[in-house]
Amino acid sequence: MATLTELLHEGRALLEEHSPSADLDARVLLAHVLGRSETWLRTWPEHRPGREEAGRYRALLRHRARGCPVAYLTGEREFFGHSFRVSEAVLIPRPETELLVEAVLERLPGENAARVADLGTGSGAIAVSLALARPQWTVLATDESDEALELARVNARALGAGNVSLSRTHWCADLPGDLDAVVSNPPYVAEGDPHLKEGDVRFEPRAALTAGPEGLDALRAIVEQAPAHLVPGGLLALEHGYDQGEAVRALMHEAGLAAIETLRDLAGHERVTAGCR
Ligand SMILES: C[S@@+](CC[C@H](N)C(=O)[O-])C[C@H]1O[C@@H](n2cnc3c(N)ncnc32)[C@H](O)[C@@H]1O
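Quantities reported herein were computed from a predicted structural model and do not represent experimental measurements. (Residues numbered from 1 in each chain as written. Predicted model: local features only at pLDDT ≥ 70, side-chain atom pairs only at ≥ 80, totals over all residues. Heavy atoms only, no water.)

Hydrogen bonding along the main chain pairs the strands of a sheet, whether they run parallel or antiparallel. The strand order across the open sheet formed by 7 strands is β5-β4-β3-β6-β7-β9-β8, and the pairing between neighbours is mixed. At either margin of the open sheet sits one strand with a lone partner, and together these are β5 (164-168) and β8 (258-264). Between one strand axis and the next, the sheet turns through 15 degrees on average, direction left out of account. In this sheet, strand β9 (residues 270-276) lies alongside strand β7 (residues 230-239) in antiparallel orientation, the contact comprising 5 bridges. Of the residues in β9, the one forming a bridge with Glu239 is Val272. In the packing of helix α6 (residues 98-107) onto the sheet, contacts are made with β6 (179-184), β7, β8 and β9, and the angle to β7 comes to roughly 160 degrees. (Pairing = 2+ DSSP bridges. Helix = DSSP H or I, 4+ residues; strand = E, 2+ residues; numbered from the N terminus. Axes fitted to C-alpha atoms, helices over the stretch in contact; angles between N-to-C directions. Contact = heavy atoms within 4.5 Å.)

We now examine the packing of aromatic side chains. Within this structure, the stated rule accounts for 2 aromatic pairs. With centroids separated by 6.4 Å and ring planes inclined at 35 degrees, the aromatic side chains of Phe79 and Phe80 adopt a geometry described as tilted. Looking at Phe79, the relative accessible area reads 0%, which means it is buried. (Phe/Tyr/Trp six-rings, centres within 6.5 Å; stacked < 30°, edge-to-face > 60°. Buried < 20%, exposed > 50% of the residue type's maximum accessible area, 1.4 Å probe, protein only.)

Its 15 residues place the ends of helix α4 (residues 51-65) 21 Å apart at the C-alpha level, agreeing with the 21 Å of an ideal helix rising 1.5 Å per residue. Residues of α4 that are buried include every one of Ala54, Tyr57, Leu60, Leu61, Arg64 and Ala65, and no others. Down the axis of α4, the smallest arc covering the buried residues is 140 degrees, so these residues share one side. Exposed residues on α4 whose side chains face more than 90 degrees from its buried face are Arg51 and Glu52. On the buried face of α4, the contacting elements are α1 (4-15), α2 (22-34) and α5 (70-74). Just past α4, the residue Gly67 takes up positive phi, approximately 110 degrees. (Expected span 1.5 Å × (residues − 1). Arc of directions from axis to C-beta.)

Neighbouring the ligand are 17 residues; Gly120, Asp143, Trp171, Asn185 and Ala208 lie closest to it. Note that a nitrogen atom of the ligand is positioned 3.4 Å from one of the backbone N or O atoms of Glu144. Take Trp171: an N or O atom from its main chain is 3.0 Å from a nitrogen atom of the ligand. The protein chains hide 94% of the 600 Å² of surface that the ligand would expose on its own. Split by residue class, the shell around the ligand holds 8 nonpolar, 7 polar and 2 charged. (Near = heavy atom within 4 Å. Polar contact = N/O pair within 3.5 Å; in protein donor to acceptor, adjacent residues only side chain to side chain. Areas by Shrake-Rupley, 256 points an atom, 1.4 Å probe, with all protein chains shown as cover. Nonpolar A, V, L, I, M, F, W, Y, C, P; charged D, E, K, R; others polar.)

Moving on, we get to the domain arrangement of the chain. Domain boundaries assigned for the chain yield domain 1 (4-67) and domain 2 (88-276). When each unit is reduced to the centre of its C-alpha atoms, the spacing between domain 1 and domain 2 is 34 Å. (Domains from an automatic or database assignment.)

Moving on to the pattern of salt bridges. Any two side chains of opposite charge can pair, so long as their charged atoms come close to each other. Taken as a whole, this structure holds 18 salt bridges when the rule is applied. Of the charged contacts, one joins Arg64 and Asp25 as a salt bridge, the two residues approaching to 2.8 Å between their closest N and O atoms. Separated by 39 residues along the polypeptide, Arg64 in helix α4 and Asp25 in helix α2 bring together distant segments of the chain. Look at Arg64 and you get buried, because its relative accessible area is 7%. Residue Asp25 is classed as buried on the basis of its relative accessible area of 5%. Among the ionic pairs, Glu261 bridges to Arg107, the shortest N-O distance being 2.7 Å. Of this pair, Glu261 sits in strand β8 while Arg107 sits in helix α6, and the two are 154 residues apart along the sequence. Exposure remark for Arg107: the relative accessible area of 27% places this residue in the partly exposed category. (Salt bridge = Lys/Arg side-chain N within 4 Å of Asp/Glu carboxyl O.)

In structure tokens, the structure reads:
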């Protein structure tokens, strides 16, 4: 029976040519199979897992070597300090999307009750993070995908976000008319983008990624529709591609929004644009 050190070495060697993060992937997958933390793995390098556990680890390594994202293999991903269940029905929440959550929390006064909608909620990462940070808010999470809504429901319940409600809706159709904020990380990749053939995105749902020839169709629809559902002064905050800031600012300007501002992510890319009705 192999030790943890040997299993990790085996994992790294297998994944080296398939993943840019072979070492981390092997540690996360082994920790997941054993139901332990990565710190535990480091503390007990001579521990020898049983045959069944080693077999499950090796099976996950083979899936990873074929490209399957680690988050789909473990069924979870950390976002804004919370652990979200994920499946192949939803986008894996990205670290840069935390900027969108922060932008909304900064712009809406914390102590007031507010009604906020998260359009295209996927796993519920944005809606649930906002709801947990602001228990006095009511957060409506919408998506076109029933599977995504079911997963968002599971996450809201597991994380104790009782102030999240869910609705199957095509962007702003059926939204209430008195929202304090509309927030969305919609699909924004151009349909022919070569990156769609690389890495983890190959396994993610196309409906969560692409939006027309320039990737702007969903952003355009939301900017056109959302202001009618906002109270005067209400906030529209959107994530977009690194090269779409100018286009989104122009769309918001055309829609009559004020105080339009674009924020940069940690890599220095324009990533979130917000405006007020
Ligand atoms: C980029 S993913 C974002 C998921 C999640 N909000 C996040 O940030 O991790 C976009 C989501 O929009 C949903 N979507 C696509 N078209 C939609 C539409 N017309 N109306 C509502 N949701 C839509 C997809 O199902 C997907 O869950």
